[in-house]
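Geometric and topological summary
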Amino acid sequence: MTIMMLQSKIHRATVTDANLNYVGSITVDRDLLDVANLRVGQKVDIVNINNGERFSTYIIAGERGKKEMCLNGAAARKVHVGDKIIIIAYAQMTPEEADEYLPKIVIVDEDNSVSQVFEGLK
């Protein structure tokens with residue numbers, strides 16, 4: 001048996017763009033992906049703090065250092081530039097793995113720079 005557990009999240013990122021005419025996904029600065037241990041193509045849930053929308057999409061990599069957070073395709077209708085979002089990734093684990101695993105939590109500031117990183121839930 002496996003259970004779905006929090007793998008990592010980027011908390012309070014600011015949406016920098018919404019591109020309706022793209023195929024789909026969320027574009028995230030490659031530096032943030034590295035810090036949060038997220039992968040290109042990985043399924044993530046997006047929570048819009050401003051309006052309460054929750055939806056799923058997948059990650060594509062943005063340019064390093066641009067601090068980009070762009071919702072693409074249909075997901076672009078769920079956000080506005082300037083909205084605060086949470087990007088949440090989950091992973092399947094055995095109960096034994098879940099007992100040992102510490103999710104990575106990345107908190108960003110207003111311009112999507114990393115302000116705090118910690119492991120585990122407090």
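For the structure itself, consult the block above.
Predicted, not measured: the structure shown is a model, and the values here were computed from it. (Residues numbered from 1 in each chain as written. Predicted model: local features only at pLDDT ≥ 70, side-chain atom pairs only at ≥ 80, totals over all residues. Heavy atoms only, no water.)

Some thoughts on the pattern of salt bridges
Here is the rule we go by: Salt bridges, as used here, are contacts in which a Lys or Arg side-chain nitrogen is within 4 Å of a carboxyl oxygen on Asp or Glu. Secondary structure elements follow DSSP: runs of H or I no shorter than four residues count as helices, runs of E no shorter than two count as strands, and numbering proceeds from the N terminus.
Under the criterion given, the structure shown has 4 salt bridges. A salt bridge links E110 to K84, with the nearest nitrogen and oxygen atoms 3.1 Å apart. Here K84 lies in strand β7 (residues 84–93) and E110 lies in the loop between β8 (104–108) and β9 (114–119), a separation of 26 residues in the sequence. A single salt-bridge network, built from bridges that share partners, covers D31, D34 and R64.

Things to note about the sheet that holds strand β5 (residues 54–62)
The criterion, for reference: Here the rule is simple: two strands pair whenever DSSP picks up at least two bridges between them. Axis geometry follows a simple rule: fit a line to the C-alpha atoms, using only the stretch in contact for helices, then measure angles between N-to-C directions, giving values from 0 to 180 degrees.
Taking strand neighbours across the sheet as the criterion, the 9 strands line up as β2-β6-β3-β5-β4-β7-β1-β8-β9 in an open arrangement whose pairing is mixed. Only two strands of the sheet have a single neighbouring strand rather than two, namely β2 (17–19) and β9. Within this sheet the neighbouring strands show an average axis-to-axis angle of 30°, counted without direction. Here strand β3 (residues 25–29) runs beside β5; their pairing, made up of 4 bridges, is parallel. Bridge pairing in β5 links T27 to I60.

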